[in-house]
Amino acid sequence: MHDDELLTVPDVMARLKLGRSTVYDLIRSRRLPSITIGRCRRIPARAVRDYITSELEVAA
């Protein structure tokens, strides 16, 4: 996963093993940053990595 890679919502769903509504809830709550290009939602791979890191820190 490259830092500058942009992922689709289904990509993030597969990587985090989460459902569609959960991913959109993370986006809506700004816990998972995203951008919109036209009508397409994209999540930077770095944002997914940062989200995982922050969740691990909270769990520790």
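Before reading further, recall that the structure is shown in the block above.
Note that the structure is predicted; figures quoted are calculated from it, not measured.

**Structural notes on the sheet that holds strand β2 (residues 35–37)**
Sheets are built from strands that pair by backbone hydrogen bonding, the pairs being arranged parallel or antiparallel. Ordered in space as β1-β3-β2, the three strands form an open sheet in which the pairing is antiparallel. Two strands close off the open sheet at either side, each with one partner strand: β1 (6–7) and β2. Two elements, β1 and strand β3 (residues 40–44), share two bridges in a ladder whose sense is antiparallel. Paired with L7 across the bridge in β3 is I43.

**A look at the pattern of salt bridges**
Within the structure shown, the criterion is met by three salt bridges. R31 is the salt-bridge partner of E55, the closest N and O atoms lying 3.0 Å from each other. In this pair, E55 sits in helix α3 (residues 45–59) while R31 sits in the loop between α2 (20–28) and β2, placing the two residues 24 residues apart along the sequence. The partly exposed category is assigned to E55, whose relative accessible area is 31%.

**A short note on α3**
Between its first and last C-alpha atoms α3 spans 21 Å; for 15 residues at 1.5 Å apiece the expected length is 21 Å, and the two agree. Those residues of α3 lying buried are A45, A47, V48 and Y51. Looking straight down α3, one finds its buried side chains confined to an arc of 165°; they lie on one side. Exposed residues on α3 whose side chains face more than 90 degrees from its buried face are L56 and E57.

**Some points on the environment of D11**
Tracing the chain through its elements places D11 in helix α1 (residues 9–16). A residue is classified by how much of its surface remains accessible, and D11, at 32% relative accessible area, is partly exposed. Taking the C-alpha atoms as reference, D11 lies 9.1 Å from I43; in sequence the two are 32 residues apart.

What counts and what doesn't
Residues numbered from 1 in each chain as written. Predicted model: local features only at pLDDT ≥ 70, side-chain atom pairs only at ≥ 80, totals over all residues. Heavy atoms only, no water. Pairing = 2+ DSSP bridges. Helix = DSSP H or I, 4+ residues; strand = E, 2+ residues; numbered from the N terminus. Salt bridge = Lys/Arg side-chain N within 4 Å of Asp/Glu carboxyl O. Buried < 20%, exposed > 50% of the residue type's maximum accessible area, 1.4 Å probe, protein only. Expected span 1.5 Å × (residues − 1). Arc of directions from axis to C-beta.

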